[in-house]
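An overview of the molecular structure
What follows is each chain in one-letter form.
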Amino acid sequence: MKKKFIFLSLAVILIGVSIGSFALLKTPVSYLSIDINPSVELGVNVLNKVVSAKGYNNDGEIILNGKDLVSSTVSEAVNTLIKSASEKGFIADDGSTVVSVTSETDNQNVAAQLTSYAVDGAMSAVKEKGETITLLKNSVPLASREKAEKLSLTAGKLNIIEKLQALDPSVTIDEYKDAKITDIVNKIKYLEDNSNAASSSTTTEINPPSSTSTSENITSNSSTSLKEVTPTKVNDTKTDEKKTESKTEENSEVLPVEQLPISLYSSETDVTFKNGNWGSITAAISKEGIGGTNCIKYENLLKNPYSPGPTIVLPRAKNVTNVKPTDKLQLKMDIGTVTDSQPVKIIFNGDPNISLITPKLNRTSGFEIVTLDISNILDKLNGRISKLSFDGAGPNGWQGVNYLLVDDISIISPAEAAEGNSVEPVQPAPVKEETLPLMIYNHTDNVTFCPPHWGSIKAEVVKMGETNQNYISFSNLKNNVYAPTPDIVFQSPKNISGISSSVSLKLSLNIGETRYPQAIKLIINGSEETSVVTPKIQSSSAMQDIYVDISAIKNKLGGQIAQIAVESAAPNGFANVDSLYIGEISIVKSPADEPTNQNYTSTR
């Protein structure tokens, strides 16, 4: 009887151990969130196998639909989710999409391991799809997950929103709960770039732990590339001293005393735009103001809905020391015909903390007069206004707005405030036809590049040849074979609204000695909709003239050419081209001896 009891006891223990082991293998001990918008969280057991998958929003459920991830490895699960997101249209073709992977654990070694698995899965997915994404890696403790779960968010997305809140305390979680990670990261980058603070408390740390892979380790030159987002670093003391000296020097300038009304902008052409553009947003002076006058025009706002337009730099700062709290800021603005009314944020002196928000502008195509109270920002202006910029103030950024026109900005007395709130739209003055050839770039140095680097691709103006002329240079193309080059931003956008349709874009360029002929794509004004592809360019040590028919896209260009980026149109990207040089860009009549609907290549 005693032996039977012992055997029975052992059997019970073994069964208990088996049940316990089974339960342990089904229990998540750490988590990994994948956020694009969609947002999905994976539960991971002690063997790094997925034991649960949860969509945290409708888009997350869409990419999970029909996918059985349980028992998959972390790499396999991330691979499946990234490919599903691509197939469902959540990853942009232009490489702008940011994908965030966040390990949720209290163990740093596990965090590094989960991140490495996630990188491998994402990399293999985009390699199969032939795409480019930006991969953002984070790690948070399990306590953050508990907090995020109560808000119906992944811990990864909440972490990124909190980084934004640290830079802009007015931001609420509800505002960005449904936003794309791309848009939140763009907003963070803008605020970091424009922050005047030098303390580390205002710098958002988005870098992964030091044990995670570097950007070099997650680059696949065979078919695509993954880039790691790196935040703006805190300036060192020496740099900060230089900035302080520069600011003191600027503020020491004696400005003439201004009398009301003070015009900050009124049909001038001598304002400049810091950085030339922001993402795909362009800024220029356009003859679309009231009565065909000059006005400031921002375009392509839809491409970067959470980004402000480029900063408007006044030719000379305005003295506002005599302005009283009862005085008003008045603007004449037009946001075109949009689906929803739209408030606009006005940022002064490059500081997001010095700003005003307009009432919602209406949905007509006419200019509106907006009068705003400025009493709350007067003390922060330090007696001067030198810069202005505009940002979409709605919860969804620019909310369907693609362009913004600003015809007049002034400070007035209460008695001068305009009655009513709108001005009848006036058609722009007719633009006279330009004389061809219309030169856009010709061996000058008056272009900027946004950004100066894209991945490892470097953009600059260099002097070359026996004549020592200026050439636009793109180098290190082989290291980012599928990435577009930085945008060439022209100092003065060229007005092409008056030219005929039967014209070609002419480029004088050189791609050096390459193994195969190379076609390139020209992305004009930051939009794939206005891109054209050249014929295959032969390997040559000399500059070549390339003619590309633009009649099919002319009406989509908005009457101007403000910027151009270059991208490989070959199946293997820039794998065979390391450098590209451009000496001239112009609009010419299509070659007389050829039909105008074809592309041409000729060698000098």
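Throughout what follows, the structure given in this document is the object of discussion. (Residues numbered from 1 in each chain as written. Predicted model: local features only at pLDDT ≥ 70, side-chain atom pairs only at ≥ 80, totals over all residues. Heavy atoms only, no water.)

Re the side chain of Ser-586
Basically, it comes down to this: Secondary structure elements are taken from DSSP: a helix is a run of H or I of four residues or more, a strand is a run of E of two residues or more, and numbering for both begins at the N terminus. In protein, a polar contact means a hydrogen-donor-capable atom and an acceptor-capable atom, both N or O and within 3.5 Å, with residues adjacent in sequence counting only if both atoms are side-chain atoms; elsewhere, any N or O pair within 3.5 Å suffices. We call two residues in contact whenever any of their non-hydrogen atoms come within 4.5 Å of each other.
With respect to the helices and strands, Ser-586 occurs in strand E32 (residues 580–589). Here Glu-584 takes part through its side chain, which lies 3.2 Å from a polar atom of the side chain of Ser-586. In this structure, Ser-586 is in contact with Leu-438, Met-439, Ile-440, Ser-504, Leu-505 and Lys-506, ignoring residues within four places of it in sequence.

Examining the sheet that holds strand E16 (residues 351–357)
This is how it is decided: Paired strands, in this sense, are two strands between which DSSP finds at least two bridges. Fitted lines through C-alpha atoms give the axes, limited to the stretch in contact for helices. The angle between two N-to-C directions lies from 0 to 180 degrees.
The strand order across the open sheet formed by 5 strands is E9-E13-E18-E15-E16, and the pairing between neighbours is antiparallel. Edge positions in the open sheet fall to strand E9 (272–274) and E16, since each of these has one partner strand only. If you compare each strand with its neighbour and ignore which way they point, the axes differ by 40 degrees on average.

Here we look at the nonpolar core
Just so we agree on the cut-off: What makes a nonpolar core is a set of buried Ala, Val, Leu, Ile, Met, Phe, Trp, Tyr and Cys residues whose side-chain atoms join them at distances within 4.5 Å. Only protein chains enter the accessibility calculation, which uses a 1.4 Å probe; a residue whose area is less than 20% of its type maximum is buried, one above 50% is exposed, and one in between is partly exposed.
Leu-329, Phe-348, Ile-385, Phe-390, Leu-404 and Ile-409 are the most contacted members of the largest nonpolar core, which has 39 residues in total. The greatest single-element share of this core, amounting to 4 residues, is contributed by strand E19 (residues 403–412). Beyond its immediate sequence surroundings of up to four residues, Leu-404 is in contact with Ile-296, Lys-297, Tyr-298, Leu-301, Met-333, Asp-334, Ile-335, Phe-390 and Trp-398. Counting 38 residues, the second-largest nonpolar core is a separate cluster that includes Ile-472, Leu-505, Leu-557 and Leu-580.

A look at the packing of helix H3 (residues 74–87) against helix H4 (residues 108–129)
Using the following cut-off: Orientation labels follow simple angle bins: below 35 degrees gives roughly parallel, above 145 gives roughly antiparallel, 65 to 115 gives roughly perpendicular, and whatever is left gives oblique. If you view the pair so one helix is near and one far, a crossing is left-handed when the near helix is turned anticlockwise from the far one by less than a right angle, and right-handed when it is turned clockwise. Residues are grouped as follows: Ala, Val, Leu, Ile, Met, Phe, Trp, Tyr, Cys and Pro are nonpolar; Asp, Glu, Lys and Arg are charged; every other residue, Gly included, is polar.
Close contact between H3 and H4 brings their axes to 7 Å; oriented N to C, the two are set at 40 degrees. One finds that H3 runs oblique with respect to H4. Remark: the crossing between H3 and H4 carries right-handed chirality. In this structure, H3 uses Val-74, Ser-75, Val-78, Asn-79, Ile-82, Lys-83, Ser-86 and Glu-87 to contact H4, whose residues at the interface are Leu-114, Tyr-117, Ala-118, Asp-120, Gly-121, Ala-122, Ser-124, Ala-125, Val-126, Glu-128 and Lys-129. In the contact of H3 with H4, the residues fall into 9 nonpolar, 5 polar and 5 charged.

Brief notes about the packing of aromatic side chains
Here is the rule we go by: Centres within 6.5 Å make a pair out of two Phe, Tyr or Trp rings, where for Trp the six-membered ring is used; the pair is then stacked when the planes are under 30 degrees apart, edge-to-face when over 60, and tilted otherwise. Two conditions define a charge sitting above a ring: the NZ of Lys or the CZ of Arg must be within 6 Å of the ring centre, and it must be within 35 degrees of the ring normal.
Enumeration according to the criterion identifies 1 aromatic pair in this entry. Both rings, one in Tyr-298 and one in Phe-390, keep their centres 6.1 Å apart while their planes meet at 70 degrees; by these two values the pair is edge-to-face. Note that Tyr-298 is positioned in strand E12 (residues 295–299) and Phe-390 in strand E18 (residues 384–392), a separation of 92 residues in sequence. Residue classification places Tyr-298 among the buried residues on the basis of a relative accessible area of 1%. Its end group placed over the ring of Tyr-56, Lys-54 keeps NZ or CZ at 4.5 Å from the ring centre. Across the ring face of Tyr-403, the terminal group of Lys-297 is positioned such that the distance to the ring centre comes to 5.5 Å.

A short note on the pattern of salt bridges
Put simply, the rule reads: Salt bridge criterion: a side-chain nitrogen from Lys or Arg within 4 Å of a carboxyl oxygen from Asp or Glu.
This structure, assessed with the given rule, holds 11 salt bridges. One salt bridge in this structure joins Glu-104 and Arg-145, with 3.7 Å as the shortest N-O distance. Within this pair, whereas Glu-104 is found in strand E4 (residues 98–104), its partner Arg-145 is found in helix H5 (residues 142–150), the two being separated by 41 residues in sequence. For Arg-145, a relative accessible area of 14% corresponds to the buried category. Its salt-bridge partner being Lys-297, residue Glu-299 comes within 3.7 Å of it at the nearest N-O pair. Lys-297 carries the same exposure label as Glu-299, and that label is buried. Three or more residues joined by partner-sharing salt bridges are found here, namely Glu-41, Glu-104, Arg-145 and Glu-149.

Purely geometric stuff here, so don't read any function into it on its own.
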